[in-house]
Amino acid sequence: MAEKHDKPVILVDGSSYLYRAYHIPQLQQLRNARGEPTGAVYGVLNMLRKLRNDYAPEYMVVVFDAKGKTFRHDLYEAYKANRSVMPEELQKQIGPLHAIVRAMGLPLLSIEGVEADDIIGTLARHVQQQGWSVLISTGDKDMAQLVNPRVKLVNTMTNTLLDEAAVLDKFGVNPGQIIDYLALMGDSSDNIPGVDKVGPKTAAKWLQEYGTLEQVLAHAADIKGKIGENLRAAAPQLPLSKRLTTIDCGVDLRFEPDELRIGSGNATELRDWFTRFEFKSWLSDLEQGVTAEAAPSTQEKTSLELKYETVSSKERFETWLERLRESTLFAFDTETTSLDYMQAELVGVSFAVTAGEAAYVPVGHRYPGVPDQLPCEYVLEQLKPLLEDRVKRRVVGQHIKYDRNVLRKYGILLDSIAHDTMLQSYVLNSTATRHDLDSLAKRYLDIDTLKYEDVTGRGAKQLCFDQVDIELATRYSAEDADLALRLHNVLRPKLDEIPSVSGVYSEIELPLIGVLSRMECNGVRVDADRLRQLSGQFARQMLELEAQAHREAGGPFNLGSPKQIQEILFEQQGLPVIRKTPKGQPSTAEDVLQELADLGHRLPALIVQHRGLSKLKSTYTDKLTELIDPKTGRVHTSYHQAVASTGRLSSSDPNLQNIPIRTQDGREIRKAFVASPGKQLIAADYSQIELRIMAHLSGDKGLLQAFERGEDIHRATAAEVFRVARDSVTTEQRRAAKAINFGLIYGMSAFGLGKQLGIGRNQAQAYVDLYFERYPGVKNYMDATRQLAHERGYVETVFGRRLYLPEIQSRNAQERQYAERTAINAPMQGTAADIIKRAMIDLDHWLQQEHADVLITMQVHDELVFEAPADKVKLLCEHIRDRMRKAAELSVPLDVDIGTGENWDEAH
């Protein structure tokens, strides 16, 4: 080992890497085709590759804990006694990981009876004595005690470097005080006792004042209050805590320094492991001789030479047209003046046929000195046959529905859609990432994109895209098309590996693009006069509620000020504090105020009413009139396929999903959604669909029989739970049964059920126990689903849609329990989403073929709304009900409630 080398020796805390990698949610779901877990292996290897790439070291060693006890267990029997057994999925990955690390040529140390920290501490001391600097890669704060002028720490997860100054800045003590600092705090993860109630701030404060643990103890009598009592009580065991937190730098390692030199590795072994674990991009790197570059297995990183062209002549445009005609698939994108598809004007189009090569055709840039552009009409006329070709569907895009809506204004029906990368990513894993182009490019291609704001600027000075320099616009738009094509090339094979998921994409999400596009462009008529009247009515009601609230409070206050509400409710009126904010203040959140209102307190009830009206006024009655399109006289929402993790559609501008239906004020708003003259609205709503799906999935005989007989399911449940005849069920019993039925679907606890019904937790638990006794199939299904979710890391709908649950293995009990509740609910909610989407696709096709004058105008939860000629309504209702019932074949019949009327509320 050479003297005073300019590169540090890198000591890697492999055990720290391993646990951190294992608990990254996105990695917990990674498995190969054999079902073997691979996420921890991938995470550790990726961190090692990045470390080598960043520092290009010559000497580096990866250190792991070995099984078994160490000297610390001899010192303190309870050391690490609170740690759970290593998860089996993690244990399975340790052997392969060690083998791959060695095959990479990296020295690896794991010594029985010695912790990784002590090996690293000893190595650091020896290496320094050889005249080298040391870089320790770890996420463990205990290692800060090793920092000195020649030893630094690096955290690869946060990319932070800790030298002596950084240790002092981070912990408030210098490296030489870290051991005492740790001893005073204790360590719950290692079960090392400290001083009760002493955290980082107090420990640092004492050491800043007294210097050492011994001096803190010497002045223990001077420290007042409860914290001083705790220190004095802990004094006898603090020397032991200090010994346990001290890294032993004198381990007998018997190694030669050159044993830390990185070797050439074993390409054959690596190839075998990468093939088995399906690390495809690393396998490709291996074949090309790349060893150090960090490139995640979910990515297909390339070093393509980019060729982006501005097309401004007919000759070049014709050349590109010919390439498009000859291609089996090309990426397409539009650039416009607005995100609102109804207002957007075309500025340019871009396309790509091969990765790394794309063209931008500007048609609507407007700024002084703008270069010549091809006429928009000419460009679209030439592209129209390609874009409308339903036989040779060959267009791939990112969120292609937007482009379809824009082109429709120009007389082009974009029916040649073959793929949408946003939907591919969403169906592949709805929770792994956001599904916008920037996020997908980073995740799957390891590319940082040129952002929209990089091109247009930000804030008040932001340019409209038609003001953007054409050369810059080319770089931006051509990149969009290029990346869409490259993403498709990565995502499509991943989908093909899971046939059920691929089926959801090709049979549900992809065909739905055209349906939603037509619905958005159809829009829905709203009565602007009625909305304005409602706004005035709500304003008057709010003023009256405000006056009542002021009288109740004994004086005026701002109903929108949480601080003033806190003072009045909890200080002046002395109401019970239900919950506190993270800053320790009494919460004034809506659910808290509602709970206080339910307890009979009038002022919180008035504030809740005022807030509700304010929200309805600002979100709907005021805003809806602003959203009416001046050309169509209708409101055009945007439906989002890739937002809700379970497959549910969401909508914005306006959000149709959140208009309340159970309150009179909400129904008044629905009355403003009206049919055009001579037409009526038809509202078709799946009845209790998630309960029917529960019956299907659980196979519970009692539930199946109740639905088969067409009974009131809540009355039937009440009769079973309370053991009374069906005709003797009381209103309260039915209400309780309804709460249980829906509560179980959403994972409600006995506490939550009791709160909803206004009964004690024990009584609520008794109701749940009775329910499971009468419907044992439901209990079995819930237990089996939880277990399966833990084993696989995901749950599925009836049609094969997957929802991954990375938190299902979380050490945090709340996160884990939430994931378990989601595991039970997601198959029902996701199946319901799949069913209504299948119904929409079928109904849209039927209406296009046979009733082109009938529009699907809205989708809200389990409901579809149609606008139809009044004389067709009766006939249409039967056909709509029949087709919606046939959207899925379950063990119980689907039922559909249908109503008609001149407005949405009347149609219910």
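Residues numbered from 1 in each chain as written. Predicted model: local features only at pLDDT ≥ 70, side-chain atom pairs only at ≥ 80, totals over all residues. Heavy atoms only, no water.

A separate point is the packing of aromatic side chains. Each aromatic ring pair is summarised here by two numbers: the centre-to-centre distance and the angle between the ring planes. By the definition in use, this model includes 19 aromatic pairs. Ring centres of Phe277 and Phe279 lie 5.8 Å apart, and the angle between their planes is 80°; on these two criteria the pair is classed as edge-to-face. In this pair, the class of Phe277 matches that of Phe279, namely buried. Of the aromatic side chains, those joined through ring pairs into one cluster are Tyr42, Trp273, Phe274, Phe277, Phe279 and Trp282. The ring of Trp320 has Arg323 sitting right over it, with the charged end atom 4.7 Å from the ring centre. In this structure, Arg670 is placed above the aromatic ring of Trp904, and the distance from its NZ or CZ to the ring centre is 3.9 Å. (Phe/Tyr/Trp six-rings, centres within 6.5 Å; stacked < 30°, edge-to-face > 60°. Buried < 20%, exposed > 50% of the residue type's maximum accessible area, 1.4 Å probe, protein only. Lys NZ or Arg CZ within 6 Å of the ring centre and 35° of its normal.)

This part is about the sheet that holds strand S4 (residues 134–137). Strands sit in the order S3-S2-S1-S4-S5-S6 across an open sheet of 6 strands; the sheet is mixed. Here the strands that pair on one side only, and so sit at the sheet edges, are strand S3 (108–109) and strand S6 (160–162). Pairing of strand S5 (residues 151–155) with S6, which is carried by 3 bridges, proceeds in the antiparallel orientation. Opposite Val154, over in S6, you have Leu161 as the bridge partner. (Pairing = 2+ DSSP bridges. Helix = DSSP H or I, 4+ residues; strand = E, 2+ residues; numbered from the N terminus.)

Before going further, it helps to examine the state of the cysteines. Taken as a whole, this structure holds 0 disulfides when the rule is applied. Between Cys521, a cysteine without a disulfide, and Cys376, which holds the nearest cysteine sulfur, the sulfur-to-sulfur distance is 17 Å. (Disulfide = S-S within 2.5 Å.)

Here we take up the nonpolar core. Ranked by internal contacts, the top residues of the largest apolar core, which has 109 residues, are Phe673, Tyr686 and Phe866. For this core, the element with the highest residue contribution is helix H36 (residues 813–850), accounting for 11 residues. Those residues in contact with Tyr686 that sit more than four places away from it in its chain are Ile835, Ile836, Ala839, Asp862, Met884, Arg885, Ala887, Leu894, Asp895 and Val896. Counting residues in hydrophobic clusters, the runner-up holds 58 residues, among them Val311, Met342, Ile417 and Val427. (Core = buried A, V, L, I, M, F, W, Y, C linked by side-chain atoms within 4.5 Å. Contact = heavy atoms within 4.5 Å.)

The subject of this paragraph is empty space enclosed by the protein. Under the criterion given, the structure shown has 6 cavities of 30 Å³ or more. Here the largest cavity defines a volume of roughly 130 Å³. Along the walls of the largest cavity sit 19 residues, with Gln28, Gln29, Arg31, Glu89 and Gln809 positioned nearest its centre. Breaking the lining of the largest cavity down by element, the ones donating at least two residues are helix H2 (25–28), helix H3 (39–55) and helix H5 (88–103). Sorting elements by how many residues they give to the lining of the largest cavity places H2 first, with 3 residues. Classifying every residue of the lining of the largest cavity by side-chain character gives 9 nonpolar, 8 polar and 2 charged. (1 Å grid on protein atoms, 1.4 Å probe; cavity = no way out; pocket = protein on both sides within 12 Å on 5 of 7 lines; lining within 4 Å. Points joined across faces, edges and corners; volume = space filled by probe spheres on them. Nonpolar A, V, L, I, M, F, W, Y, C, P; charged D, E, K, R; others polar.)

Put simply, helix H8 (residues 178–185) and helix H9 (residues 200–210) touch, their axes get as near as 9 Å, and they point 135° apart. In terms of axis orientation, H8 runs oblique to H9. Classified by chirality, the crossing of H9 by H8 is right-handed. Residues Asp180, Tyr181, Leu184 and Met185 of H8 touch H9, and the partners they reach there are Pro200, Ala203, Ala204, Trp206 and Leu207. The residue makeup of the contact of H8 with H9, split by class, is 8 nonpolar, no polar and 1 charged. (Axes fitted to C-alpha atoms, helices over the stretch in contact; angles between N-to-C directions. Parallel < 35°, antiparallel > 145°, perpendicular 65-115°, else oblique. Left-handed = near helix turned anticlockwise from the far one by under 90°.)

Across the sheet, which stays open at both edges, the 4 strands sit in the order S21-S22-S18-S23 with antiparallel pairing between neighbours. In this open sheet, the two edge strands, each paired with only one partner strand, are strand S21 (855–860) and strand S23 (896–901). Taking the axes of each pair of neighbouring strands and ignoring which way they run, one obtains an average angle of 20° across the sheet. The pairing of S21 with strand S22 (residues 863–869) spans 5 bridges and is classified as antiparallel. Looking at S22, one finds that Leu855 is bridged to Glu867.

What follows covers the environment of Gln641. Its location among the elements puts Gln641 in the loop between strand S15 (638–640) and strand S16 (650–652). Considering only alpha carbons, one finds Gln641 and Val427, 214 residues apart in sequence, at a separation of 9.8 Å. Not counting the four nearest positions on each side in its chain, Gln641 is found in contact with Lys401, Leu423, Tyr426, Glu509, Leu512, Ile513, Leu516 and Leu649. Of the polar contacts made by the side chain of Gln641, one reaches the side chain of Glu509; its length is 2.8 Å. (Polar contact = N/O pair within 3.5 Å; in protein donor to acceptor, adjacent residues only side chain to side chain.)

When pLDDT is averaged along the chain, the result is 89, and 96% of the positions lie at 70 or above. Considering only residues more than four positions removed or in separate chains, one finds that residues 290–302, a stretch of pLDDT under 50, has 44 contacts. (pLDDT = per-residue confidence, 0-100.)

Mapped onto the secondary structure, Lys494 falls in helix H21 (residues 470–496). For Lys494 and Ser425, which are 69 residues apart along the polypeptide, the C-alpha to C-alpha distance reads 9.5 Å.

Glancing now at the packing of H36 against helix H37 (residues 873–885). Taken N-terminus to C-terminus, the directions of H36 and H37 make an angle of 140°; their axes are 9 Å apart at the nearest point. One element, H36, and the other, H37, form an angle in the oblique class. For the pair H36 and H37, the sense of crossing is right-handed. Within the contact between the two elements, H36 uses Ala839, Asp842, Leu843, Trp846 and Leu847 and H37 uses Leu876, His879, Ile880, Arg883 and Met884.

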